[in-house]
Amino acid sequence: MGIRISPSILSADFANLERDVTRIAGADWVHVDVMDNHFVPNLTLGLPVLEAISRVTDVPVDAHLMIEDPDRWAPAYAEAGAQSVTFHVEAAAAPVRLARELRAQDARASMALKPATPIEPYEDLLPELDMVLLMTVEPGFGGQAFLDIMLPKIRRTRALLDKHGGDIWLQVDGGVSADTIERCAEAGADTFVAGSAVFGADDPGAMVDQLRDRAAEATHRHA
Ligand code: DX5
Ligand code: ZN
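What counts and what doesn't
Residues numbered from 1 in each chain as written. Chains lettered and ligands numbered in written order. Predicted model: local features only at pLDDT ≥ 70, side-chain atom pairs only at ≥ 80, totals over all residues. Heavy atoms only, no water. UniProt positions renumbered as here; feature names shortened; annotations may be inferred. Helix = DSSP H or I, 4+ residues; strand = E, 2+ residues; numbered from the N terminus. Buried < 20%, exposed > 50% of the residue type's maximum accessible area, 1.4 Å probe, protein only. Polar contact = N/O pair within 3.5 Å; in protein donor to acceptor, adjacent residues only side chain to side chain. Contact = heavy atoms within 4.5 Å. 1 Å grid on protein atoms, 1.4 Å probe; cavity = no way out; pocket = protein on both sides within 12 Å on 5 of 7 lines; lining within 4 Å. Phe/Tyr/Trp six-rings, centres within 6.5 Å; stacked < 30°, edge-to-face > 60°. Lys NZ or Arg CZ within 6 Å of the ring centre and 35° of its normal.

In the annotation of an unreviewed UniProt entry, the entry for the chain reads Ribulose-phosphate 3-epimerase, and the organism field reads Mumia zhuanghuii. In UniProt, the chain has this text filed under Sequence similarities (unreviewed entry): "Belongs to the ribulose-phosphate 3-epimerase family."

J.: What is the right way to read the side chain of Glu128 from this model?
T.: Here Glu128 shows up in the loop between strand 5 (108-113) and strand 6 (131-135). The buried category is assigned to Glu128, whose relative accessible area is 17%. There is a polar contact of 2.6 Å between the side chain of Glu128 and the side chain of Arg100. Once residues lying within four places of it in the same chain are set aside, the contact partners of Glu128 are Val96, Ala99, Arg100, Arg103 and Ala109.

J.: Is there a simple way to think about the UniProt feature "binding site: substrate" (unreviewed entry) in the chain in this case?
T.: According to UniProt, the feature "binding site: substrate" (unreviewed entry) maps to Ser8, His64, Gly140, Phe141, Gly142, Gly143, Asp173, Gly174, Gly175, Gly195 and Ser196 in the numbering used here. Considering only the residues just annotated, the largest pocket is lined by Ser8, His64, Gly140, Phe141, Gly142, Gly143, Asp173, Gly174, Gly175, Gly195 and Ser196. Within the element layout of this structure, Phe141 appears in the loop between strand 6 and helix 5 (151-164). What makes Phe141 partly exposed here is its relative accessible area of 44%. Note that Ser196 resides in helix 7 (residues 196-199). Setting aside anything within four residues of it in sequence, one finds Ser196 in contact with Ser11, Gly143 and Ala201.

J.: It is not clear to me how the packing of aromatic side chains should be interpreted in this structure. Could you clarify?
T.: One pair of aromatic rings is described through two measures. These are the centre distance and the angle between the planes. Applying the stated criterion across every chain yields a total of 1 aromatic pair. Pairing Trp29 with Trp169 gives two aromatic rings, centres 5.9 Å apart and planes at 75°, and the pair type is edge-to-face. A residue pair is termed long-range when its members are at least 10 positions apart, and Trp29 in the loop between helix 1 (17-23) and strand 2 (30-35) and Trp169 in strand 7 (residues 169-173) qualify at 140 residues. Under the relative-accessibility criterion, Trp29 is labelled buried at 9%. The class of Trp169 is buried, set by a relative accessible area of 10%. We note Arg4 situated over the ring of Trp169; from NZ or CZ to the ring centre the distance is 3.6 Å. In this structure, Arg108 is placed above the aromatic ring of Trp169, and the distance from its NZ or CZ to the ring centre is 3.5 Å.

J.: Just checking my understanding: could you explain the UniProt feature "active site" (unreviewed entry) in the chain for this structure?
T.: Taken from the UniProt record, the annotation "active site" (unreviewed entry) applies to Asp33 and Asp173. With the annotated positions falling across 141 residues, the maximum pairwise C-alpha distance of 10.6 Å places them together in a single cluster. Lining the largest pocket, from the residues just named, are Asp33 and Asp173. Secondary-structure assignment places Asp33 in strand 2. Each residue touching Asp33, except ones within four places of it in the same chain, is listed here: Ser8, Leu10, Thr44, Leu45, His64, Met66 and Asp173. Engagement of the side chain of Asp33 in a polar contact is seen with the side chain of Ser8, the distance being 2.6 Å. Assignment of secondary structure puts Asp173 in strand 7. Polar side-chain contacts of Asp173 include one of 3.1 Å to the side chain of His64.

Now the structure itself:
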């Protein structure tokens, strides 16, 4: 199973995004958090900034849309350069149609769940998806503490993905750090978003490597 680290630029210096994205050139993805002040109580950035980021890096962009009406907006993020687009199922009116639209644009289609949203009602949608994102904090802000109570949902989601086969990635987002990443990996996550842990480190690039090593070790230990 591959391990992927996706640093969240929410914790980068917004006045120096190009410099900070260069610092994580060894990452597998760069995670871009889009917030609209409606779906979550915070406002970050939108299409023009994502487009600018994708122009200055070879690292593929992983867009996490914490917005209302993703049915209307998500395809534009694929067009702007995101190679993976994650919409929240709580906000999507027609998640199947939306996932198909994203794939038709050659983007990876990904569905996110807030902490209180169960995975089970969406089991039949899995073949339409390339990734499931499980929030391990309430979405809206970086730097929050990892919610250990989400570990059982990570395990249940891993079991569902294994049952269905295919290669659907399982991403965790929120409070992932050198202290918590092993728990996530053991529970079955394979794709890890880390914002404050990476950009709060003295050497963000070295932290990406450290997170990847820890996750890989925990995955092997558990296998
Ligand atoms: C939170 C965002 C996360 C956030 C993670 O709503 O979706 O991607 O940047 O930040 P940390 O890793 O600091 O919890
Ligand atoms: Zn995110």
